[in-house]
Amino acid sequence: MTTAANIREFLITRRSRLSPADAGLPDFGGRRRVPGLRREEVALLAGMSVEYYVRLERGNASGISDAILDGISRALKLDDAEHAHLYDLARAANQGARTPRRKPASRTQQIRAGTQRLLDAMTFPAIIQNGRMDVVATNTLGRALFSEMYVHPQEPVNFARFLFLDPRGRATYRDWNDSAEQIVALLRAESGRVPADRALRGLIGELADGSSEFAALWEAHDVRVHLAGIKLIHHPDVGDLDLSYEAMQLITDPGLQFIGFTAEPGSASDHALRLLGSLAARAPEEIKLER
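Reading the values: the criteria
- Residues numbered from 1 in each chain as written.
- Predicted model: local features only at pLDDT ≥ 70, side-chain atom pairs only at ≥ 80, totals over all residues.
- Heavy atoms only, no water.
- Buried < 20%, exposed > 50% of the residue type's maximum accessible area, 1.4 Å probe, protein only.
- Helix = DSSP H or I, 4+ residues; strand = E, 2+ residues; numbered from the N terminus.
- Pairing = 2+ DSSP bridges.
- 1 Å grid on protein atoms, 1.4 Å probe; cavity = no way out; pocket = protein on both sides within 12 Å on 5 of 7 lines; lining within 4 Å.
- Points joined across faces, edges and corners; volume = space filled by probe spheres on them.
- Nonpolar A, V, L, I, M, F, W, Y, C, P; charged D, E, K, R; others polar.
- Polar contact = N/O pair within 3.5 Å; in protein donor to acceptor, adjacent residues only side chain to side chain.
- Salt bridge = Lys/Arg side-chain N within 4 Å of Asp/Glu carboxyl O.
- Axes fitted to C-alpha atoms, helices over the stretch in contact; angles between N-to-C directions.
- pLDDT = per-residue confidence, 0-100.
- Contact = heavy atoms within 4.5 Å.
- Expected span 1.5 Å × (residues − 1).
- Core = buried A, V, L, I, M, F, W, Y, C linked by side-chain atoms within 4.5 Å.

Visitor: Which residues make up the pairing of strand β5 (residues 256–262), and what values do they have?
Guide: Across the seven residues of β5, six count as buried, placing the element largely inside the fold. Alignment of strand β1 (residues 126–130) against β5, held across five bridges, turns out to be antiparallel. Paired with Ile-128 across the bridge in β5 is Phe-258. Relative to β5, strand β4 (residues 239–249) runs antiparallel, the two sharing six bridges.

This is the structure we're talking about:
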């Protein structure tokens, strides 16, 4: 899909979810031909002409100002992730897909030796991934936690591919629907940041061809920030784990994100995580890391 088409579909899906009441507009009743707000209502709320907004919704973002983008964000009640995504799409439209804001992560991206030593010193599961959801690095406990991903993996090991195309993904993620929505929203945001990433476009095509659920979620044009939350994991060796995660960008390695997983101290998940660490440390063959 072109940048112009992405702008068009993103704006259409955002205004379709808002009613006049949501936007603080009077609803005079009668049959509305479109779901959500009309184009002229968005233009009114954004403080711009209807003609200009129609041009933008058709994908023509040439020369659009930050003030206009901010007005549209307010009118459509975009959250921070959606606001940033709109800016990314407008930037791509003006710069062209050949000049992305940041360089896409390469397929063989490596971390520095010091970063790996830091991972190895951590006592909780930790991974580093790029914007395509490829696993770039992990510590022993992180690999043990997601051991099912390493069963006959396709390189590079990828969370989205595991979730949508590997049957083990459904068994691993007890909150599969929420995880699926989250991963697609993250990939959608990444596609706005780096539209020239061929590996990302290839992954999206592979997922859309192989999973109707991914294709449907992709068409929703939702985006999300991935900073903290809860993951409900089922591990074949230690059972269910309710884990908190914290994510942060690596300043020294732009495009890479660190994610650490912890359990509530003294909880059943904490005991299961300790058991998993013991199994992984004692003998790799005792935990099914290479099924």
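Visitor: I'd like a description of empty space enclosed by the protein, backed by residues and values.
Guide: Empty space left among the atoms is revealed by rolling a probe the size of a water molecule over them. Under the criterion given, the structure shown has two cavities of 30 Å³ or more. When its volume is computed, the largest cavity comes out at roughly 140 Å³. Lining the largest cavity we find 14 residues, and of these Gln-129, Phe-159, Tyr-173, His-226 and Lys-231 sit closest to its centre. When the residues that make up the lining of the largest cavity are grouped by side-chain class, the tally is nine nonpolar, four polar and one charged.

Visitor: Tell me about the side chain of Asp-197, and name the residues and values.
Guide: Within the fold, Asp-197 resides in the loop between α10 (176–193) and α11 (198–210). Judged by relative accessible area, Asp-197 falls into the buried class, the value being 5%. Within the local environment of Asp-197, its side chain forms a polar contact with the backbone nitrogen of Leu-200, the two atoms lying 3.2 Å apart.

Visitor: Go over the pattern of salt bridges with me, naming the residues and quoting the values.
Guide: Applying the stated criterion across every chain, the model contains 19 salt bridges. Residue Asp-222 pairs with Arg-14 through a salt bridge whose shortest N-O separation is 3.0 Å. Placement of the pair is Asp-222 in the loop between α12 (212–219) and β3 (228–235) and Arg-14 in helix α1 (residues 3–16), with a sequence separation of 208 residues. By relative accessible area, Asp-222 is classed as partly exposed at 39%. We note a salt bridge from Arg-38 to Glu-41, for which the minimum N-O separation is 3.6 Å. On the basis of relative accessible area, Glu-41 is assigned to the buried category, the value being 12%. Three or more residues joined by partner-sharing salt bridges are found here, namely Arg-14, Arg-17, Glu-82 and Asp-222.

Visitor: Explain the sheet that holds β5 residue by residue, including any values.
Guide: Spatially, five strands are ordered β2-β1-β5-β4-β3 in an open sheet, and the strand pairing comes out antiparallel. Sheet topology places β2 (135–138) and β3 at the edges, where each strand pairs with a single neighbour. Between one strand axis and the next, the sheet turns by 30° as a mean value, whatever way the strands run. Inspection of the sheet shows β3 paired to β4 by eight bridges, in the antiparallel sense.

Visitor: Tell me what's going on with the confidence of the model for the protein chain, and back it up with residues and numbers.
Guide: Detailed reading of the predicted coordinates is not advisable wherever pLDDT is low. For the protein chain, the average pLDDT comes to 88, and 90% of its residues sit at 70 or higher. Per-residue pLDDT stays below 50 along residues 104–108; that stretch engages in eleven contacts with residues further than four places along the chain or on separate chains. Confidence over residues 285–291 falls short of pLDDT 50; this stretch has 22 contacts with residues more than four positions distant or in other chains.

Visitor: Run through the packing of helix α5 (residues 80–95) against α10, naming residues and quoting values.
Guide: Packing of α5 against α10 brings their axes to within 8 Å, and their N-to-C directions diverge by 35°. On the side of α5, the interface is formed by His-85, Asp-88 and Leu-89, while α10 contributes Arg-188, Ala-189, Gly-192 and Arg-193. Looking at the contact of α5 with α10 residue by residue, the classes come out as two nonpolar, two polar and three charged.

Visitor: Give me the lowdown on the environment of Leu-119, citing residues and values where you can.
Guide: Its place among the elements puts Leu-119 in helix α6 (residues 113–121). Taking the C-alpha atoms as reference points, Leu-119 and Ala-144, 25 residues apart in sequence, are found 14 Å from one another. Apart from the residues within four sequence positions on either side, Leu-119 is in contact with Ile-111, Ala-126, Ile-128, Ala-137, Thr-138, Asn-139 and Phe-258.

Visitor: With reference to specific residues and values, describe α1.
Guide: Under the 1.5 Å per step criterion, the end-to-end length of α1 is 20 Å for 14 residues, consistent within 8% with the ideal 20 Å. Inspection of α1 places Thr-3, Ala-5, Asn-6, Ile-7, Phe-10, Leu-11, Thr-13, Arg-14 and Arg-15 among the buried residues, and these make up the whole buried set. Next to the buried residues of α1 lie α2 (39–46), α3 (50–57), α4 (66–75), α5, α10 and α12.

Visitor: Give me the lowdown on the nonpolar core, citing residues and values where you can.
Guide: Ranked by internal contacts, the top residues of the largest apolar core, which has 43 residues, are Phe-159, Phe-164 and Leu-187. Among the elements of the structure, α7 (140–145), α8 (159–165), α10, α11, α12, β4, β5 and α13 (268–282) are those that each provide at least two residues to this core. It is α10 that provides the largest number of residues to this core, a total of six residues. Beyond its immediate stretch of four places on either side in the chain, Phe-164 contacts Trp-176, Ala-180, Ile-183, Val-184, Leu-207, Ser-211, Glu-213, Phe-214 and Leu-217. Core analysis: the next-biggest nonpolar cluster, separate from the first, contains 25 residues, Leu-18, Leu-25, Ile-64 and Leu-89 among them.

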